[in-house]
Amino acid sequence: MPRHYLFFVSHSYCYTILRPLQQAIRRRGDDVAWFLEATCPDLLQPDELRLHTITEVRQYNPLAVFAPGNYVYSFFPGVKVELFHGYPINKRNDLHDDHFKLRGWFDIYCTQGPSSTMPFRLLESRHRYFKVYETGWCKVDALAALQQKPSANSQPTIVYATTFTRGISSAPVMIDVIEQLAAERPWHWMLTLHPKISDPQLIARYQALADRLPNVTFHPLLTYEQLAATDVMLCDTSSIIMEYLLLDKPVVTYRNTRPGDHLLNVTDLADVPAAIEQALTRPADLLQHIRAYAAQHEAHTDGHNSERVLDAVDDFLENYQGHLPHKPLNLFRKLKQRLKVLTH
């Protein structure tokens with residue numbers, strides 16, 4: 001009989017992370033269903049099965065539940081697997097990176113590369129109630145089919161992306177710069193805002209800019225295929241930078257909280273145009289730094305990360321399930337989860 005797997009979806013960014021895993025599950029002849037939180041937009045395709053209630057989830061009885069976010073419902077059946085929604089960039093420069101905060105929900109952590117594997121292995125040895133597998137990030141499987149080379153655009157295409165974090169996001173101030181450059185330079189622009197940006201007026205301004213100018217488009221979500229069709233990213237401090245660097249393309253950042261040789265970082269808006277011009281030349285030393293930095297964060301770009309995730313689940317079920325210490329009780333958090341479901 002086919003095995004059942006469940007995707008726990010809390011934000012719109014989960015779709016592009018989970019669909020490569022869905023393909024791997026289907027290639028094995030197994031089945032997958034999706035459970036969307038009430039606040040998450042329904043972007044499912046006609047051939048994707050959605051479960052709406054706890055009862056439906058229990059009847060489906062998944063072998064494992066995969067979550068790209070920071071939590072998962074503990075009362076769902078199945079092994080709980082953390083897939084992550086980005087890379088450990090510590091954008092706030094905190095003493096302890098929130099990427100490595102343990103919340104007691106997961107049995108398995110599927111890490112992406114040395115920068116995440118080594119810290120989680122240390123946590124595993126200390127806490128012992130979960131297992132760590134370096135699988136690579138599922139979303140990157142979509143990258144394997146793309147050739148990592150400059151785009152063939154007749155005119156440069158710049159993609160603008162931003163974090164949602166207040167005080168770090170450039171979205172409130174960058175729109176005027178983009179509007180001026182779109183009017184003055186022969187560049188195309190693809191604009192996207194982080195799904196957690198909730199200011200309707202700010203979102204409307206970016207959408208209106210795209211509606212007004214023929215060389216500007218606005219995208220709620222961007223795929224790797226769309227990113228690969230651009231030449232340079234303009235950003236601030238967001239884990240999407242790491243995804244773009246995997247395409248072997250330069251990134252210009254504005255007031256990045258963790259600048260380095262892999263970025264062209266500026267601290268003055270007036271310097272953005274010159275930095276983009278420099279990035280479009282693809283300096284050889286910059287590309288070398290990009291490749292070295294990317295390898296630390298994503299160890300696997302062969303297109304088989306999703307298969308490694310499923311292998312990790314199989315290994316856990318065979319060798320570790322029932323043999324590890326219990327996860328933390330989390331009684332208050334578990335009660336909040338149940339109330340959250342009951343009130344939606």
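Higher on the page you've got the structure.
If you're wondering where the values come from, they're calculated on a predicted model, not measured in any experiment.

Trainee: Explain the overall build of the chain residue by residue, including any values.
Mentor: Across its full length, the chain holds 12 helices and 13 strands. The C-alpha atoms of the chain give a radius of gyration of 21 Å, which matches the 20 Å a tight globule of 344 residues would have. The principal-axis extents of the C-alpha atoms in the chain amount to approximately 60 × 40 × 40 Å. When burial is assessed residue by residue, the chain has 53% of its 344 residues classed as buried. Charged side chains in the chain number 35 positive and 37 negative. The centres of these two groups are separated by 7 Å.

Trainee: Give a detailed account of the sheet that holds strand β7 (residues 131-134), specifying residues and quantitative values.
Mentor: Read across the open sheet, the seven strands follow the order β3-β2-β1-β4-β5-β6-β7; overall the sheet is parallel. The strands lining the two open edges of the sheet, one partner per strand, are β3 (49-51) and β7. Here the strands of the sheet are splayed against their neighbours by 30° on average, with no regard to which way each runs. Two elements, strand β4 (residues 64-67) and strand β5 (residues 79-82), share four bridges in a ladder whose sense is parallel. Within β5, the position partnered with Phe-66 by the bridge is Val-81.

Trainee: How would you summarise the side chain of Thr-111 if you had to cite specific residues and measurements?
Mentor: Looking at the secondary structure, you find Thr-111 in strand β6 (residues 108-111). For Thr-111, a relative accessible area of 0% translates into the label buried. Setting aside its immediate chain neighbours within four residues, Thr-111 contacts Phe-84, Ser-116, Thr-117, Phe-120, Val-132, Tyr-133, Glu-134, Thr-135 and Gly-136.

Trainee: I'd like to hear about the sheet that holds strand β11 (residues 232-235), residue by residue, with values.
Mentor: Across the sheet, six strands lie side by side as β10-β9-β8-β11-β12-β13; this open sheet has parallel pairing. Whereas interior strands pair on both sides, the edge strands pair on one side only; in this sheet they are β10 (216-218) and β13 (264-266). Across this sheet, the average inter-strand angle for adjacent strands is 20°, counted without regard to direction. Of the pairings in the sheet, the one linking β11 to strand β12 (residues 251-254) comprises three bridges and is parallel in character. Counted as the bridge partner of Cys-235 is Thr-253 from β12. Its contacts with the sheet place helix α5 (residues 171-184) against β8 (157-160), β9 (188-191), β10, β11 and β12, and it is angled at close to 160° to β9.

Trainee: Can you tell me about the environment of Arg-308, naming the residues and giving the values?
Mentor: Its location among the elements puts Arg-308 in helix α11 (residues 305-319). When the C-alpha atoms of Arg-308 and Asn-319 are compared, they prove to be 16 Å apart, with 11 residues separating the residues in sequence. Aside from chain neighbours lying at most four places away, what touches Arg-308 is Glu-134, Thr-135, His-300 and Asp-302. Polar side-chain contacts of Arg-308 include one of 2.6 Å to the side chain of Asn-305.

Trainee: Describe the environment of Met-190, naming the residues involved and giving the relevant values.
Mentor: Within the element layout of this structure, Met-190 appears in strand β9. A residue is classified by how much of its surface remains accessible, and Met-190, at 11% relative accessible area, is buried. Residues Met-190 and Ile-158 lie 32 residues apart in sequence; the distance between their C-alpha atoms is 6.3 Å. For Met-190, the residues in contact, after removing those within four places along its chain, are Thr-157, Ile-158, Val-159, Tyr-160, Thr-217, His-219, Leu-222, Gln-226 and Thr-230.

Trainee: Describe in detail the packing of aromatic side chains, supporting the description with residues and values.
Mentor: Scanning all chains against the criterion turns up 24 aromatic pairs. Arranged with centres 5.9 Å apart and planes meeting at 10°, the rings of Tyr-160 and Tyr-206 form a pair that is stacked. With a gap of 46 residues between them, Tyr-160 in strand β8 and Tyr-206 in helix α6 (residues 200-212) connect regions that are remote in the sequence. Of the two residues examined, Tyr-160 and Tyr-206, each falls in the buried class. Taking 6.4 Å as the distance between ring centres and 50° as the angle between the ring planes, the aromatic pair formed by Trp-187 and Trp-189 counts as tilted. Among the residues examined, Trp-187 registers a relative accessible area of 4% and is labelled buried. In this structure, Lys-139 is placed above the aromatic ring of Tyr-224, and the distance from its NZ or CZ to the ring centre is 5.7 Å.

Conventions we followed
- Residues numbered from 1 in each chain as written.
- Predicted model: local features only at pLDDT ≥ 70, side-chain atom pairs only at ≥ 80, totals over all residues.
- Heavy atoms only, no water.
- Helix = DSSP H or I, 4+ residues; strand = E, 2+ residues; numbered from the N terminus.
- Rg over C-alpha atoms; globule rule 2.2 N^0.38 Å.
- Buried < 20%, exposed > 50% of the residue type's maximum accessible area, 1.4 Å probe, protein only.
- Lys, Arg positive; Asp, Glu negative; His and termini not counted.
- Charge placed at Lys NZ, Arg CZ, Asp CG, Glu CD.
- Pairing = 2+ DSSP bridges.
- Axes fitted to C-alpha atoms, helices over the stretch in contact; angles between N-to-C directions.
- Contact = heavy atoms within 4.5 Å.
- Polar contact = N/O pair within 3.5 Å; in protein donor to acceptor, adjacent residues only side chain to side chain.
- Phe/Tyr/Trp six-rings, centres within 6.5 Å; stacked < 30°, edge-to-face > 60°.
- Lys NZ or Arg CZ within 6 Å of the ring centre and 35° of its normal.

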